[in-house]
Number of protein chains: 2
Amino acid sequence: MDFFQCTTFSEAQQLIADSLSEVRANTQKVTLVEALGRIVAADIIAQEALPPFSRSTVDGFAVRSEDTFGANEMSPALFQIIGEVVMGREAAFELLPGQGVAIPTGGMLPPGADAVVMLEYTEQHADDMVMVLNMVAPGENVIAKGDDVQGGKIIVFRGQKLAPQHIGVLAACGWADVVVYHKVNVAIISTGDELVGINESIKFGQIRDINSYTLGAMLSAMGCSVKPMGIVKDSFEQFFAVLSQAVSTCQLVVISGGSSVGARDYTEKAIAALGTPGVLIHGIAIKPGKPTIFGMANGVPVFGLPGHPVAAMVVCQQFVTLALSKLMGQKESAQAVTIQGHLSRNVASVPGRDDFVTVRLVKQDGQYIAHPILGKSGMISSMSEADGIIHIPTDKSGLYVGEMVEIVLNKSVEW
Amino acid sequence: MDFFQCTTFSEAQQLIADSLSEVRANTQKVTLVEALGRIVAADIIAQEALPPFSRSTVDGFAVRSEDTFGANEMSPALFQIIGEVVMGREAAFELLPGQGVAIPTGGMLPPGADAVVMLEYTEQHADDMVMVLNMVAPGENVIAKGDDVQGGKIIVFRGQKLAPQHIGVLAACGWADVVVYHKVNVAIISTGDELVGINESIKFGQIRDINSYTLGAMLSAMGCSVKPMGIVKDSFEQFFAVLSQAVSTCQLVVISGGSSVGARDYTEKAIAALGTPGVLIHGIAIKPGKPTIFGMANGVPVFGLPGHPVAAMVVCQQFVTLALSKLMGQKESAQAVTIQGHLSRNVASVPGRDDFVTVRLVKQDGQYIAHPILGKSGMISSMSEADGIIHIPTDKSGLYVGEMVEIVLNKSVEW
């Protein structure tokens, strides 16, 4: 029953990446507030220096640093204070030798000044005279114009997913709008004669459609617009009509259960009928997730995923994500970040196959211990109780107790 | 100029948690599709077993396992095949000894059958007769009713943030709606005479408002409804009016720059005037972020954050998140997940103070190396270029090159 001529894990990744090397989502302009989590479509270059003027980092007196040279508590330097810098106003003083200006944290350094003496190191001498009790070096207690960002420098690169800190640097540089890739429209088609919708009553022999919910949630979390196309049963004609509509209205199509024994022929035939090159992958040497189909129908990537909920999630995470990151020109896949932990027991695998094992994490003495979740495949509870997944690569026949493994987390880190 | 009587990091966390121990967001019912990323407000109990009937995990023949005992290739067991299980239909056969039923993967096990023989281990003998070439144990190749989820068991606990796998288990158990906590309305007030909005033109001495964007993005990513209240300048009266409105319409208030020298008195006075117990924290022994104010105004938590962008983000991550997770009854703070890496150089700190240092991560021989980002504090670029932040606890005078450190990631992991 080895019905698939399997592609290896890395070949499958390469094939999917290559198939999408020329396809890109459209771009659109959004406001900065809407840009969180979106992918930048072109390098963004600072049009101005940040800070736009030299600023004090402390409360004190702006001075010419050379006037403080040699100053100490025994022989302070005397300064004439000619005014006060007001926050948010131009410091329109021109310092002459021996003069200083009172300045608050963040205030603009006046022309001529090149350092700030902290208030702690000064003593009032007369109404407009201050004694400075130690030396300051040029640039001391100052952020110079352009220290944070130089004008003309790239502040956010194309393909960056915008996190709060990127939103911050864009705000700082005055970018009220950003050009990002459009959200990718993803169609999800569920197949399976045993499936019923979540609001329907269930009869003996039927089970509820899980995958359109888990896949929809995963794809939403990855920044897609998800378009559920319902549960398709019965006939090739009906399936072909739904898939045609999906391919013509969406940029990516996921068929849940589309690789199961009954539906496989439908899926492959329909993909092929919708445009070249048709089906490119008939099965991947992974567990779970082997019966996976991938094809390109008239420029639109189509995935036929296994019906087993865990297998469908693993394939979505490993391959659909990759396709999405290519569509949006992301440099790294969203799933690249992992944590490390020690395995609590031996886990067997088979060389030539990549295995994915759900684990629970327990923190012990500052280290994570990864406990594989045992149980029959396809159980959604094994996924909902897991903290993450470990990947046993193709060249290993298993992993050993105590071994350090990388865990792809099942939960989100906020920023 | 040590103007604050500082609270330690852990005292501050405790005080914030204690202040919010009795306050909870309201709850609401949402559809399962809308529930992604929301926090469940009550334990959810399975009303039915999953799977709702025993299912085959392979293609083959459902049999009474005892009828196969002793079977092997030399002396196969002979079965009469009395029919075929159809996907999605009740298997209404009653197996007698020596009888079997053809069954597809996922099909319902007929009454009397307790195991499935894989197709590979059978040979067709006559039209309705099949030879079974090896033994199956009771339960072999079967997921029994309730194996995945037992009826009456808690499938999602109160306080869980719903990830795709939780959405999946809820779909599987037929939960079309979920009761979750309302999104917390968070007001963000920016203060600072030097600040101008992102769409305004900038004059010498002025800088753009960064924090309302970074804080707004962080709080959105944490699942809040963010309500920007604009930039407040000039007078206590104006500030008090805006803060009053924020406290009466939102469940949490963040004042950016509300702890700077000029605004501190305003902030403390206004919080105190709005209700007991008023200001509880005047400064926290952390760097950056020391000038932080926290109070409770008539049951609403109010944070006065430093104006420096990096300090504001650190305080938001360490303390505002904690307040939010308390408001929504989350068991663990969203920021709990970190990765480990080796420090690339010594980093000095001061005992009695908790320090936060932005780092860049480089992967080397399968391990992360954390490179501290040097530079003057308050630079947004030091945050936008960082991959994460390390925390130097209060009892350390620094961290050493090569030391293993925990890094809170600056980027999101999708599910």
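Residues numbered from 1 in each chain as written. Chains lettered and ligands numbered in written order. Predicted model: local features only at pLDDT ≥ 70, side-chain atom pairs only at ≥ 80, totals over all residues.

Draft legend 1. Broad picture of the overall build of chain A. When its secondary structure is counted, chain A shows seven helices and 28 strands. For chain A, the C-alpha radius of gyration of 31 Å lies well beyond 22 Å, the compact-globule estimate for 415 residues. Counting only C-alpha atoms, chain A reaches 95 × 50 × 40 Å along its principal axes. The long-range fraction of contacts in chain A, counting pairs at least 24 apart against all pairs at least 6 apart in sequence, stands at 71%. (Helix = DSSP H or I, 4+ residues; strand = E, 2+ residues; numbered from the N terminus. Rg over C-alpha atoms; globule rule 2.2 N^0.38 Å. Contact = placed C-beta atoms within 7 Å.)

Draft legend 2. Looking closely at the pairing of strand S17 (residues 252-256) of chain B. Residue and element names in this part refer to chain B. Across the five residues that make up S17, a large majority, five, are buried. Where burial is concerned, the two faces of S17 agree: the one with Leu252, Val254 and Ser256 and the one with Val253 and Ile255 are both buried. Here strand S13 (residues 185-191) runs beside S17; their pairing, made up of five bridges, is parallel. If you follow valine 186 over to S17, its bridge partner there is leucine 252. Relative to strand S21 (residues 300-305), S17 is paired through four bridges, and the arrangement is parallel. (Buried ≥ 20, exposed ≤ 12 C-beta atoms within 10 Å, placed from the backbone. Pairing = 2+ DSSP bridges.)

Draft legend 3. Highlighting the sheet that holds strand S6 (residues 99-103) of chain A. Residues and elements named next belong to chain A. The sheet built from six strands is open, its strands ordered S7-S4-S6-S5-S9-S8 with mixed pairing. Where the open sheet ends on each side, the last strands, each with one partner, are strand S7 (115-118) and strand S8 (122-126). Between one strand axis and the next, the sheet turns by 40° as a mean value, whatever way the strands run. Sheet topology places strand S4 (residues 60-63) next to S6; three bridges connect them, and they run antiparallel. If you follow phenylalanine 61 over to S6, its bridge partner there is alanine 102. (Axes fitted to C-alpha atoms, helices over the stretch in contact; angles between N-to-C directions.)

Draft legend 4. Spotlight on the domain arrangement of chain A. According to the domain assignment, chain A contains domain 1 (9-26 + 183-327), domain 2 (28-50 + 149-181), domain 3 (55-143) and domain 4 (338-409). The straight-line distance from the C-alpha centre of domain 1 of chain A to that of domain 3 of chain A is 67 Å. (Domains from an automatic or database assignment.)

Draft legend 5. Quick peek at the pairing of strand S24 (residues 354-364) of chain A. Residues and elements named next belong to chain A. Pairing between strand S19 (residues 286-287) and S24: two bridges, direction parallel. For lysine 287, the partnering residue across the bridge sits in S24 and is aspartate 355. Relative to strand S26 (residues 388-392), S24 runs antiparallel, the two being bridged by five bridges. Counted as the bridge partner of phenylalanine 356 is histidine 391 from S26. Bridging between S24 and strand S25 (residues 367-372) involves six bridges; their strand directions are antiparallel. Along S25, the bridge assignment pairs lysine 363 with tyrosine 368. Count of turn residues in the S24/S25 antiparallel hairpin: two residues, of which aspartate 365 carries a positive phi of about 50°.

Draft legend 6. View of the interface of chain B and chain A. The partner chain A presents 78 residues to the 78 residues of chain B that form the contact. At the level of secondary structure, the elements contributing two or more residues to the side of chain B that touches chain A comprise helix H2 (164-172), strand S15 (207-208), helix H3 (211-221), helix H6 (309-327), strand S22 (338-343) and helix H7 (380-384) of chain B. Examining the composition of the side of chain B that touches chain A, we find that eight residues originate from one element, H2 of chain B, more than from any other.

Draft legend 7. Up close: unusual backbone geometry. Between lysine 287 of chain A and proline 288 of chain A the backbone carries a cis peptide bond, its omega angle lying at -5°. Along the chain, proline 288 of chain A falls in the loop between S19 and strand S20 (293-297). Phi at asparagine 141 of chain B takes a positive value of approximately 60°, unusual for a residue other than glycine. Its location among the elements puts asparagine 141 of chain B in the loop between strand S9 (129-132) and strand S10 (142-143). Accessibility expressed as a C-beta count within 10 Å gives 21 for asparagine 141 of chain B, which makes it buried. Of note, asparagine 298 of chain B is a non-glycine position whose phi angle comes to about 55°, a positive value. Here asparagine 298 of chain B shows up in the loop between strand S20 (293-297) and S21.

Draft legend 8. How the structure looks around helix H4 (residues 236-249) of chain B. Residue and element names in this part refer to chain B. Here H4 contains 14 residues, and its C-alpha end-to-end distance of 20 Å stays within 8% of the 20 Å for a straight helix at 1.5 Å per residue. Residues Phe239, Val242, Leu243, Ala246 and Val247 constitute the buried set of H4. Take H4 and look down its axis: the buried residues cluster within an arc of 135°, on one side only. Pointing more than 90 degrees away from the buried face of H4 are the exposed residues Glu237, Gln238 and Ser248. (Expected span 1.5 Å × (residues − 1). Arc of directions from axis to C-beta.)

Draft legend 9. Broad picture of the sheet that holds strand S16 (residues 225-232) of chain A. Residue and element names in this part refer to chain A. Overall, mixed pairing links the six strands, which are arranged S16-S13-S17-S21-S20-S18 in an open sheet. Across the chains shown, the open sheet's two edge strands, defined by having one partner strand only, are S16 and strand S18 (277-282). Neighbouring strand axes in the sheet, compared pairwise and without regard to direction, differ in orientation by 15° on average. Summarising the sheet, S20 and strand S21 (residues 300-305) pair through five bridges and their orientation is antiparallel. Across the sheet, glycine 295 pairs through a bridge with valine 302, a residue of S21. Most of the contacts of helix H3 (residues 211-221) go to strand S13 (residues 185-191), to which it runs at about 165°, and overall it touches S13, S16 and strand S17 (252-256).

Draft legend 10. Up close: the confidence of the model for chain A. Residues and elements named next belong to chain A. A residue-level look at chain A finds 94% of positions with pLDDT of 70 or above and a mean pLDDT of 91. Of all helices and strands in chain A, the one with the weakest mean pLDDT is helix H5 (residues 261-273) (85), whereas S4 scores best (98). Quick note on the complex model: pTM equals 0.92, ipTM equals 0.91. (pLDDT = per-residue confidence, 0-100.)

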